[in-house]
Amino acid sequence: MIIAIIEHDRGTLHNASLEMLTVARALAADRDTSLAALLIGESGREIVKTLGAYGVPVAYLAVDDSLEDYAPRAWAESALAVMDQENVEVVLAAGTDRGHEVLAHVASLADLPLAANCLEVKLDDERCRVTRQRWGGSLLEEAELRGETYLLSIAPHLIPAEETPLDGEVEIREFQPSFSDRAFRVQVTGREQDEKAGISLTDARVVIGGGRGVGGAEGFTALEELADLLDGAVGGSRVATNNGWRPHKDQIGQTGNRIAPDLYIACGISGAIQHMVGCQGAKNILAINTDPQAPIMEKADYVVVGDLHEVVPAIVDEVKQRKR
Ligand code: FAD
């Protein structure tokens, strides 16, 4: 059996899990074995129908009052409960922070091999060969795993989520895991509402990024205005977040968010590799930079050589004109 751990936040599905299902379905077909999803918490029940649209015939649903919110080790122990019952060849999760955290717990509890951020997986009776991203996606590694069960996360934003509707209903296999006394040592205990919650960076179709060239927190006002006009979100380079011009949650790059918008407008950003790995999923990049030799100018689809303090307001005016 191939098990796909489906990431959701109190019933809101993470799109990277649907991308992961493309790999999970292919693996199950290739190995001529069954595919099942694992949903954790009662709120996961809302997602079952969607899984049917993505060709998942069986969903294990772990239910317990304590599973209302995310708790990494409890999620791992829920996965282990299914693995104890079934002959599981591979456990897959999305290559997200939570996906990695849960798989790392499973790997350490069950002493199993784990490969993160895979793009390709080939499995036979002896071994599992993967191509996976290393160094934030700046290099690809061919790796080979040996073990009874393989734990793999699938790099997000690279493999399309393909709908493959099931004939019939998804079978729900509900169970109540028994947890160790460590299962809830780490858990979500509260949430703070983002005062400016809007479109998230990772979901936005347009992202406006600002770097050192923006010059300060106040310089982001024009970028915010452009983002509002284009229904987009604002992010920044590490210089912008380190200087406190933007909160860390807005950082794009290796140690920040991976974005995959239709359009990324990078303003006053040089294009360091650690930044570019965060925006390599963008379909189009427009770079605005005073330096025609900046590395980003070679990587961008469109460039404007100029001062962003003039160029961004000019784009804002133009968009406003066209919206009239
Ligand atoms: P700079 O490299 O200083 O570039 C500023 C650019 O703005 C220049 O190209 C300049 O020509 C241009 N400019 C200046 N004034 C203007 C103007 N008025 N109009 C237009 N253009 C102008 N970085 C990230 O972004 N994200 C990460 O997640 C990240 N992770 C890292 C992890 C590690 C382990 C390390 C070592 C580094 C990481 N970095 C990350 C830092 C990265 O290496 C770069 O230092 C950083 O991305 C540079 O930010 P920047 O482009 O804003 O600044």
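Our subject in this report is the structure included herewith.

Thresholds, definitions, all that
The residue count restarts for each chain, going from 1 along the sequence in the order it is written. Confidence filtering applies because this is a predicted model: local features only for residues at pLDDT of at least 70, side-chain atom pairs given and counted only at 80 or more, and all residues used for totals across whole chains, interfaces and linings. Each side-chain value is derived from all of the structure's non-hydrogen atoms; neither hydrogens nor water enter the calculation. Helix axes use the C-alpha atoms of the stretch in contact, all axes being lines fitted to C-alpha atoms, and the angles between their N-to-C directions lie in the range 0 to 180 degrees. Counting from the N terminus, the helices are the DSSP runs of H or I reaching at least four residues and the strands are the DSSP runs of E reaching at least two. Every angle not falling under 35 degrees, over 145, or within 65 to 115 is termed oblique; those three ranges are roughly parallel, roughly antiparallel and roughly perpendicular. Handedness of a crossing is defined here by the sense of rotation of the near helix relative to the far one, left-handed for an anticlockwise turn of less than a right angle and right-handed for a clockwise turn. Note on definitions: a residue-residue contact is assigned when non-hydrogen atoms from the two residues lie within 4.5 Å. Each residue is assigned to one of three groups, with Ala, Val, Leu, Ile, Met, Phe, Trp, Tyr, Cys and Pro labelled nonpolar, Asp, Glu, Lys and Arg labelled charged, and all others, Gly among them, labelled polar. Being near a molecule or strand, for a residue, means having at least one of its heavy atoms within 4 Å of it. Within 3.5 Å is the distance limit for a polar contact, defined as a pair of N or O atoms, with the added protein rule that one can donate a hydrogen and the other accept it, and that residues adjacent in sequence qualify only through two side-chain atoms. Areas reported here follow the Shrake-Rupley algorithm with a probe of radius 1.4 Å; residue values treat only the protein chains shown as occluding. What a helix should span is 1.5 Å times the count of its residues minus one. In this description, strands pair whenever DSSP reports at least two bridges between them. Ring pairs are drawn from Phe, Tyr and Trp, using the six-membered ring of Trp, whenever the two centres fall within 6.5 Å, and their geometry is named by plane angle: stacked under 30 degrees, edge-to-face over 60, tilted for the rest. Buried residues are those whose accessible area, probed at 1.4 Å on protein chains only, stays under 20% of the maximum for their type, while exposed residues exceed 50% and partly exposed ones sit between those limits. For a Lys NZ or an Arg CZ to count as sitting over a ring, it must be within 6 Å of the ring centre and within 35 degrees of the ring normal.

## Structural notes on the packing of helix H5 (residues 220-229) against helix H9 (residues 308-323)
Then step 1. Relative orientation of the contacting elements H5 and H9 amounts to 25°, with a least axis distance of 10 Å. Put simply, H5 runs roughly parallel to H9. At the point where H5 passes H9, the crossing takes the left-handed sense. Seen from H5, the contacting residues are Ala222, Leu223, Glu225, Leu226 and Leu229; seen from H9, they are Leu308, Val312, Ile315, Val316, Val319, Lys320 and Lys323.
Then step 2. Split into classes, the residues belonging to the contact of H5 with H9 amount to nine nonpolar, no polar and three charged.

## Details of the site of the ligand
Then step 1. The local shell around the ligand holds 27 residues, among which Arg212, Ser237, Thr255, Ser270 and Asn289 are the closest.
Then step 2. Arg212 has a polar side-chain atom sitting 2.6 Å from an oxygen atom of the ligand.
Then step 3. Computed on the free molecule, the ligand has an accessible area of 980 Å², of which 74% lies beneath the protein chains in the complex.
Then step 4. For the shell around the ligand, the secondary-structure elements that each account for two or more residues are helix H6 (238-242), helix H7 (273-279), strand E15 (284-289) and H9.
Then step 5. Along the lines of polarity and charge, the residues of the shell around the ligand split into seven nonpolar, 16 polar and four charged.

## Here's the deal with helix H4 (residues 97-110)
Every α-helical turn comprises 3.6 residues, leaving residues that sit three or four positions apart pointing alike.
Then step 1. Relative to the 20 Å expected for 14 residues at 1.5 Å per residue, H4 spans 20 Å between its end C-alpha atoms, a close match to the ideal helical length.
Then step 2. Along its buried surface, H4 packs onto strand E1 (2-5), helix H3 (72-85), strand E6 (90-94), strand E7 (114-123) and strand E10 (150-154).
Then step 3. Positioned one or two residues after H4, Asp111 has a phi angle of 55°, which is positive.

## A short note on the sheet that holds E10
Paired through backbone hydrogen bonds, the strands of a sheet run either parallel or antiparallel to each other.
Then step 1. Within the open sheet, the nine strands sit side by side as E9-E8-E7-E10-E6-E1-E4-E5-E11. Their pairing is mixed. The open sheet is flanked by strand E9 (139-145) and strand E11 (171-175), the only strands paired with a single partner. Averaged over all pairs of adjacent strands, the angle between their axes in this sheet comes to 35°, without regard to strand direction.
Then step 2. The sheet contact formed by strand E4 (residues 35-40) and strand E5 (residues 58-62) spans five bridges and is parallel. What sits directly across from Ile40, in E5, is Ala62.
Then step 3. This element, H3, spans E1, E4, E5, E6, E10 and E11 of the sheet and lies at about 145° to E4.
Then step 4. Those strands touched by H4 are E1, E6, E7 and E10, and its axis lies near 170° from that of E10.

## Points about the packing of aromatic side chains
Aromatic ring pairs: the centre-centre distance and the angle between the two ring planes describe each pair.
Then step 1. A complete count under the given rule lists three aromatic pairs for this structure.
Then step 2. On the numbers, 6.3 Å between centres and 80° between planes, the contact of Tyr60 with Phe175 is edge-to-face. Placement of Tyr60 in strand E5 and of Phe175 in strand E11 is noted, with a sequence separation of 115 residues between them. The burial state of Tyr60 is the same as that of Phe175; both residues are buried.
Then step 3. If you follow Arg98 out to its NZ or CZ, it ends over the ring of Tyr70, 4.1 Å from the centre.

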